[in-house]
Amino acid sequence: APGEKLVYDVKYLGVSTGTAVLSVLEAITINGQEVYPLISTAQSGDFASVFYPVNDRVESYLNVKGLYSHAIKVTQREGKKRREKQVEFNQLEHKAIQIEDGTREVFDIPTNVNDSLSSLYIFRATPLTVGTSIFIDVHDGGKNYKLEVAVLGKETVTTPIGTFDTIKVQATSRYEDVSSDKGSIAIWVTDDNKKIPVRMQSKIKLGSIITTLISRRDG
């Protein structure tokens, strides 16, 4: 709900490297459509910034009534890398209009598609049953894919702000029914109607990145 703010500690190889924040803002109107702004930020800590500074921001706009993406804006500052991208979703004509570094491209999209950030909130709004999977249509990077969220089981997770009963899910990108390890992530969400992500773990070539909830404000 609007007002929700979740703050996470990000660790790589057991070392705290920065902070990530997920926020839901009050609904606004864009082109006659009421949308929820969803904001994700990631910043490297003082120590990590010496070697590889990170300052990322993602803004997604989720249609209030239809629960599909209206637009997404990505700003990345990672090391020497600079990236600016904006995608608008025409859900009536099933087109995604992407502008990245001054280049405009148009892609076909499926009905009621979501983006990489709004899909997290879509699965949180969906009932989860252990042993089943849910599938969400996602468009990202000029490609359409199915995000499979497999509900694995229930576990107890302890964080700096308390111990939670959680449901563990595995989110995997599927391109034309072929699974991709890239972007696969384990997520532990609270076993209640809010489904707050309390821990996230993604594997990379060298080890894994673990994100743990350290501050929570409900909407």
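Our subject is the structure listed above.
Residues numbered from 1 in each chain as written. Predicted model: local features only at pLDDT ≥ 70, side-chain atom pairs only at ≥ 80, totals over all residues. Heavy atoms only, no water.

(A) Geometry of the overall build of the protein. Check the secondary structure of the protein and you find two helices and 15 strands. Its C-alpha atoms give the protein a radius of gyration of 17 Å, near enough to 17 Å, the size a compact globule of 219 residues would have. With the principal axes as the frame, the protein shows a C-alpha extent of 45 × 45 × 35 Å. A buried classification covers 42% of the 219 residues belonging to the protein. Within the protein, contacts between residues separated by at least 24 positions form 40% of all contacts whose residues are at least 6 apart in sequence. When the accessible surface of the protein is totalled, it reaches about 12,000 Å², and 50% of it is carbon and sulfur. (Helix = DSSP H or I, 4+ residues; strand = E, 2+ residues; numbered from the N terminus. Rg over C-alpha atoms; globule rule 2.2 N^0.38 Å. Buried < 20%, exposed > 50% of the residue type's maximum accessible area, 1.4 Å probe, protein only. Contact = heavy atoms within 4.5 Å. Areas by Shrake-Rupley, 256 points an atom, 1.4 Å probe, with all protein chains shown as cover.)

(B) Spatial organisation of the pattern of salt bridges. Under the counting rule described, the total for this entry stands at ten salt bridges. Between Asp137 and Lys146 there is a salt bridge whose closest N-O contact spans 3.0 Å. Residue class for Asp137 comes out partly exposed when judged on its relative accessible area of 22%. The salt bridge partner of Arg216 is Asp218, with a shortest N-O separation of 2.7 Å. Take Arg216: its relative accessible area is 30%, and that puts it in the partly exposed class. (Salt bridge = Lys/Arg side-chain N within 4 Å of Asp/Glu carboxyl O.)

(C) Inspection of the environment of Val138 at higher detail. As for its placement among the helices and strands, Val138 is situated in strand S10 (residues 133-140). Under the relative-accessibility criterion, Val138 is labelled buried at 0%. Sequence spacing of Val138 and Asp192 is 54 residues, and the spatial spacing of their C-alpha atoms is 25 Å. With residues near it in sequence (within four places) discarded, Val138 still touches Val113, Asn114, Asp115, Ser116, Ser119, Lys143, Asn144, Tyr145 and Leu147.

(D) View of the side chain of Gln91. Here Gln91 is to be found in the loop between strand S7 (81-90) and strand S8 (95-100). The class of Gln91 is buried, set by a relative accessible area of 12%. A polar atom in the side chain of Gln91 sits 3.1 Å from the backbone oxygen of Val113. The contact partners of Gln91, leaving out residues within four places of it in the chain, are Tyr68, Ser69, Ile109, Pro110, Thr111, Asn112 and Val113. (Polar contact = N/O pair within 3.5 Å; in protein donor to acceptor, adjacent residues only side chain to side chain.)

(E) Local environment of the pairing of strand S15 (residues 208-217). Pairing of strand S1 (residues 5-12) with S15, which is carried by eight bridges, proceeds in the antiparallel orientation. Following the sheet pairing, Val7 is matched in S15 by Ser215. Pairing between strand S14 (residues 197-203) and S15: five bridges, direction antiparallel. Counted as the bridge partner of Lys203 is Ser208 from S15. (Pairing = 2+ DSSP bridges.)

(F) Examining the packing of aromatic side chains more closely. Inspection of every chain in the model, using the stated rule, returns one aromatic pair. Aromatic side chains Tyr145 and Tyr175 sit 5.0 Å apart centroid to centroid with 45° between the ring planes, which places their arrangement in the tilted category. You can see Tyr145 sitting in strand S11 (residues 143-159) and its partner Tyr175 sitting in strand S12 (residues 162-175), a full 30 residues away along the chain. By relative accessible area, Tyr175 is classed as partly exposed at 31%. The ring centre of Tyr175 lies 6.0 Å from the NZ or CZ of Lys143, which sits over that ring. (Phe/Tyr/Trp six-rings, centres within 6.5 Å; stacked < 30°, edge-to-face > 60°. Lys NZ or Arg CZ within 6 Å of the ring centre and 35° of its normal.)

(G) Highlighting the nonpolar core. Of all hydrophobic cores here, the largest spans 43 residues; its most connected members are Phe123, Leu128 and Val169. In this structure, Val169 is in contact with Phe123, Leu128, Val149, Ala150, Val151, Leu152, Ile185, Ala186 and Ile187, ignoring residues within four places of it in sequence. (Core = buried A, V, L, I, M, F, W, Y, C linked by side-chain atoms within 4.5 Å.)

(H) Examining the environment of Arg199 more closely. One can find Arg199 in strand S14. Those residues in contact with Arg199 that sit more than four places away from it in its chain are Val157, Thr158, Ala186, Ile187, Trp188, Ile210, Thr211 and Thr212.

Everything listed here is a matter of coordinates, which is why it stays silent on function.
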